[in-house]
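Structural description and commentary
One letter stands for each residue in the lines below.
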Amino acid sequence: MSLWSEFLTNDGRKIHKWTHYFPIYEQHFGRFVNRTTTFIEIGICKGGSLQLWKRYLGPFAQIVGIDIDPTCKAAEEDQIAVRIGDQSDLNFLQQIIDEFGSPDVVLDDGSHMMSDIRASFKFLYPHISKNGVYMIEDLHTAYWDEYGGGIGRAGSFIEQAKGLIDELNVDHSRGAVPISEFSRTTMSMHFYDSVVAFERGRHLKKHAPIIGRDM
């Protein structure tokens, strides 16, 4: 069953997601279905999405929800753990890593504040598995002043992501961009309406041989 079908037939806790997110989820999370997977979602709300990930990913997945609201503890059940803390608190995030190990997927659906998004990404991205996925959704807030966003505004995560494009292409910068940990460990970046997804990994061979004849 597709993730969209799982959403449409949901009879558990309430789920609030934009319709166009679902093919994005399947594109990036599909390879983790029925595999041993640690999936962290920042931002729990009613807890319905935690149940959705549990059903979609299958019986081998460990779902971890993070939220600052203590009432979200009620969303715990088999395969779903909830930890209460601030997504920008690095000590709290370290405790999550210490307890559950390196996540395969991190989905940031938390406060949507630029400072929180940046803090979580800076700490958690280097900790995800070598072929993991880090996705941030609802990034329309990167254009809203009240969330620390705005067109071209320093501190906006969208502006940070634009800079990371250069780090992704560091091999072609002729020394203008220094090699970083992000450069060494990132396969690709994907931009969608209100969503950015980062795929960890490296190409086995960056430059394929030229095969064929001159015409």
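Quick summary incoming for the structure in this document. Numbers given for residues are sequential positions, taken from 1 along each chain in its written order. Totals for whole chains, interfaces and linings use all residues, but because this is a predicted model, local features are given only for residues with pLDDT of at least 70 and pairs of side-chain atoms are given and counted only at 80 or more. Side-chain metrics in this entry use all non-hydrogen atoms of the structure; hydrogen atoms and water are not considered.

A look at the nonpolar core
The criterion, for reference: What we call a nonpolar core is a set of buried Ala, Val, Leu, Ile, Met, Phe, Trp, Tyr and Cys residues that are connected through their side-chain atoms within 4.5 Å. Each residue is placed in one exposure class: buried if its accessible area under a 1.4 Å probe, protein chains only, is under 20% of its type's maximum, exposed if it is over 50%, and partly exposed if it falls in between. Where helices and strands are cited, they refer to DSSP runs of H or I of at least four residues and of E of at least two residues respectively, numbered from the N terminus. Residues are treated as being in contact if the distance between any of their heavy atoms lies within 4.5 Å.
In this structure, Phe-121, Tyr-134, Leu-139, Phe-157 and Phe-198 are the most contacted members of the largest nonpolar core, which totals 31 residues. Elements with a contribution of two residues or more to this core: β1 (37-42), β2 (61-67), α4 (90-100), α5 (114-124), β5 (133-136), α6 (157-168) and β7 (195-200). The residues contacting Phe-121, other than those within four sequence positions of it, are Pro-126, Tyr-134, Ile-136, Phe-157, Gln-160, Leu-164, Phe-182 and Phe-198.

Structural notes on the environment of Tyr-134
The test is simple: Definition of a polar contact: a pair of N or O atoms within 3.5 Å, with one able to donate and the other able to accept a hydrogen when the atoms are protein atoms, and with sequence-neighbouring residues admitted only if both atoms are side-chain atoms.
Positionally, Tyr-134 belongs in strand β5. Tyr-134 has contacts with Val-106, Asp-108, Ser-120, Phe-121, Leu-124, Tyr-125, Ile-128, Val-196, Ala-197 and Phe-198, leaving out every residue within four places of it along the chain. Separated by 3.5 Å, the side chain of Tyr-134 and the backbone oxygen of Ser-120 make a polar contact.

Description of unusual backbone geometry
Trans peptide bonds make up most of the peptide bonds, and negative phi angles are found at most residues other than glycine. Although it is not a glycine, Asn-34 adopts a positive phi angle of roughly 60°. By the element assignment, Asn-34 lies in the loop between α2 (21-29) and β1. Not every positive phi belongs to a glycine, and His-112 is a case in point at roughly 70°. Along the polypeptide, His-112 turns up in the loop between β4 (105-108) and α5. When its relative accessible area of 14% is taken as the criterion, His-112 is described as buried.

With respect to the sheet that holds β7
We count it as follows: Any two strands with at least two DSSP-identified bridges between them are counted as paired. Fitted lines through C-alpha atoms give the axes, limited to the stretch in contact for helices. The angle between two N-to-C directions lies from 0 to 180 degrees.
Here we have seven strands laid out as an open sheet, ordered β3-β2-β1-β4-β5-β7-β6, and mixed in their pairing. Looking at which strands have only one partner, the edges of the open sheet turn out to be β3 (80-84) and β6 (186-192). Here the average twist between neighbouring strands, direction ignored, is 15°. Where α2 meets the sheet, it contacts β1, β4, β5, β6 and β7, and its direction lies at approximately 165° from that of β5. Those strands touched by α6 are β5, β6 and β7, and its axis lies near 140° from that of β6.

Brief notes about the layout of surface pockets
Rolled over the atoms, a probe with the dimensions of a water molecule shows which regions are left empty. Quick reminder of the rule: Cavities and pockets were defined on a 1 Å grid built over protein atoms only: a cavity is a set of grid points that admits a 1.4 Å probe from which the probe cannot escape, a pocket is an open set flanked by protein on both sides within 12 Å along at least five of seven lines, and lining residues are those with an atom within 4 Å of any such point. Grid points are joined across faces, edges and corners, and a volume is the space filled by probe spheres set on the points. When residues are sorted by character, Ala, Val, Leu, Ile, Met, Phe, Trp, Tyr, Cys and Pro go into the nonpolar class, Asp, Glu, Lys and Arg into the charged class, and all the rest, Gly among them, into the polar class.
Empty space within the largest pocket amounts to approximately 280 Å³. Taken together, 19 residues form the lining of the largest pocket, with His-16, Lys-17, Cys-45, Asp-109 and Asp-138 sitting closest to its centre. Looking at side-chain class alone, the lining of the largest pocket contains five nonpolar, seven polar and seven charged residues. Roughly 180 Å³ of volume is contained in the second largest pocket. Around the second largest pocket sit 13 residues that line it, and Phe-121, Lys-122, Tyr-125, Pro-126 and Phe-182 are the ones nearest its centre. At the level of secondary structure, the elements contributing two or more residues to the lining of the second largest pocket comprise α5, α6 and α7 (181-185). Classifying every residue of the lining of the second largest pocket gives five nonpolar, three polar and five charged.

So, a nonpolar patch on the surface
Put simply, the test is: Like-charged residues are merged into a patch within 9 Å and nonpolar side chains (Val, Leu, Ile, Met, Phe, Trp, Tyr) within 5 Å, provided each residue has over 30% relative accessible area and no salt bridge. Only the protein chains shown count as cover for residues, and the accessible areas themselves come from Shrake-Rupley with a 1.4 Å probe. A carboxyl oxygen of Asp or Glu within 4 Å of a side-chain nitrogen of Lys or Arg is what we treat as a salt bridge.
On the surface, a nonpolar cluster with roughly 360 Å² of combined accessible area is contributed by Tyr-143, Trp-144 and Ile-151. For Trp-144, the location among the structural elements is in the loop between β5 and α6. Using a relative accessible area of 37% as the deciding quantity, one classes Trp-144 as partly exposed.

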